[in-house]
Amino acid sequence: MESATVLPNGNRLIIGYENLIMDMRRYAGEGAHPAAVVQQSVIQEVDIDGRLLFQWKSIDHFPVTVSFEDLRAPFIRYFAVNSVEVDTDGNLLICARNASLIAKVHRTTGTVIWVLGGKLNQFTFTNDADPKETAEFSYPHDVRKIRNGNITLFDNGNQRTPQWSRACEYRVNELDKTCRLVWRYRKSPDLFASAQGSLQTLPNGNRLISWGSALSNNRT
């Protein structure tokens, strides 16, 4: 199990993983592993008595090819959901690190409502915070819906050259399929966190940022 969140009604949202054996030559060609261990993400909602109310498996909705990981490796953590948030409409916002995407998932059917970022991106990104920087996130963590309706996340930046990380707030228009970066915090000099990291908005509006693995990544 990766994590569990206690909801106001007492139910638990659980993130876990399941290993599948797959012939990756179908997806990555000759040289790929014929029996790779592909780790998919599993989201479950259980009640206080442990009864399973909802289950969602990434491989049923996202092909292994959405991953930015090495599809020729013997072990592939292809999706890597690291957070799940209940949106204001009751559906789920999930953050999938290794596919570099955020998705909204229907709470009952499991249908993917939209995809933000990654290879299946449906949105146009703009940067109102600093036009000199890219608006897109990379290998993110910790998606959250905040009071003003925006979403926040920790943008690890693994796919950027050079690599650097930041904390971000986006205004997402689900109808127009636009995503505007309206606030970001980037340290100077840059820090890079190859893994982990989080951004929490406090009641007074301040932001609490965890820089994940930045200490070890930036040690000289």
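See above for the structure.
Note that this is a predicted model, so its numbers are computed, not measured.

*Asks:* What exactly am I supposed to notice about the sheet that holds strand β7 (residues 92–96) here?
*Replies:* What links the strands of a sheet is backbone hydrogen bonding, and the strands pair in either a parallel or an antiparallel sense. Here 4 strands make up an open sheet; going across it, the order is β6-β7-β8-β9 and the pairing antiparallel. Where the open sheet ends on each side, the last strands, each with one partner, are β6 (81–86) and β9 (112–116). Averaged over all neighbouring strand pairs, the angle between strand axes comes to 20°, with direction disregarded. Of the strand pairs in this sheet, strand β8 (residues 101–105) and β9 are connected by 4 bridges, and their pairing is antiparallel. Opposite Lys104, over in β9, you have Trp114 as the bridge partner.

*Asks:* Even after reading the chapter, I still don't get the sheet that holds strand β11 (residues 141–145), so can you show me in this structure?
*Replies:* Sheet architecture is open: 5 strands sit in the order β10-β14-β13-β12-β11, paired in mixed fashion. Bordering the open sheet on either side are β10 (124–127) and β11, each of which pairs with just one other strand. If you compare each strand with its neighbour and ignore which way they point, the axes differ by 25° on average.

*Asks:* Mind showing me how you'd approach the side chain of Gln40 here?
*Replies:* Within the secondary structure layout, Gln40 lies in strand β3 (residues 36–46). Relative accessible area serves as the criterion here: at 2%, Gln40 is assigned to the buried category. Separated by 3.3 Å, the side chain of Gln40 and the backbone nitrogen of Ser58 make a polar contact. Ignoring anything within four residues of it in the chain, the contact list for Gln40 reads Gly16, Tyr17, Glu18, Leu20, Lys57, Ser58, Ile59 and Tyr78.

*Asks:* Would you mind showing me how to read the packing of aromatic side chains here?
*Replies:* The way to describe two aromatic rings as a pair is by their centre distance and the angle between their planes. Applying the stated criterion to the full structure yields 10 aromatic pairs. An angle of 40° between the planes, with centres 6.3 Å apart, marks the rings of Trp56 and Phe79 as tilted. Of this pair, Trp56 sits in strand β4 (residues 52–57) while Phe79 sits in the loop between β5 (75–77) and β6, and the two are 23 residues apart along the sequence. For Phe79, a relative accessible area of 0% gives the class buried. By way of ring pairs, the aromatic residues Trp56, Phe62, Tyr78 and Phe79 are connected into one cluster.

*Asks:* What exactly am I supposed to notice about the side chain of Glu133 here?
*Replies:* Along the chain, Glu133 falls in the loop between β10 and β11. The exposure class of Glu133 is buried, given its relative accessible area of 8%. For Glu133, the residues in contact, after removing those within four places along its chain, are Asn127, Trp164, Arg166, Arg184 and Arg186.

*Asks:* Mind showing me how you'd approach unusual backbone geometry here?
*Replies:* When glycine is set aside, most residues are seen to have a negative phi, and most peptide bonds are trans. Residue Thr161 is joined to Pro162 through a cis peptide bond whose omega torsion reads -5°. With respect to the element layout, Pro162 can be found in the loop between β12 (151–155) and β13 (166–173). Omega for the bond connecting Ser188 with Pro189 falls within 30 degrees of zero, at 0°, which places this linkage in the cis form. Relative to the elements of secondary structure, Pro189 occurs in the loop between β14 (178–185) and β15 (198–201). One non-glycine residue, Lys177, lies in positive phi territory at about 60°. In this fold, Lys177 is placed in the loop between β13 and β14.

Parameters at a glance
- Residues numbered from 1 in each chain as written.
- Predicted model: local features only at pLDDT ≥ 70, side-chain atom pairs only at ≥ 80, totals over all residues.
- Heavy atoms only, no water.
- Pairing = 2+ DSSP bridges.
- Helix = DSSP H or I, 4+ residues; strand = E, 2+ residues; numbered from the N terminus.
- Axes fitted to C-alpha atoms, helices over the stretch in contact; angles between N-to-C directions.
- Buried < 20%, exposed > 50% of the residue type's maximum accessible area, 1.4 Å probe, protein only.
- Polar contact = N/O pair within 3.5 Å; in protein donor to acceptor, adjacent residues only side chain to side chain.
- Contact = heavy atoms within 4.5 Å.
- Phe/Tyr/Trp six-rings, centres within 6.5 Å; stacked < 30°, edge-to-face > 60°.

Remember, this is a structural readout, not a statement about activity or role.
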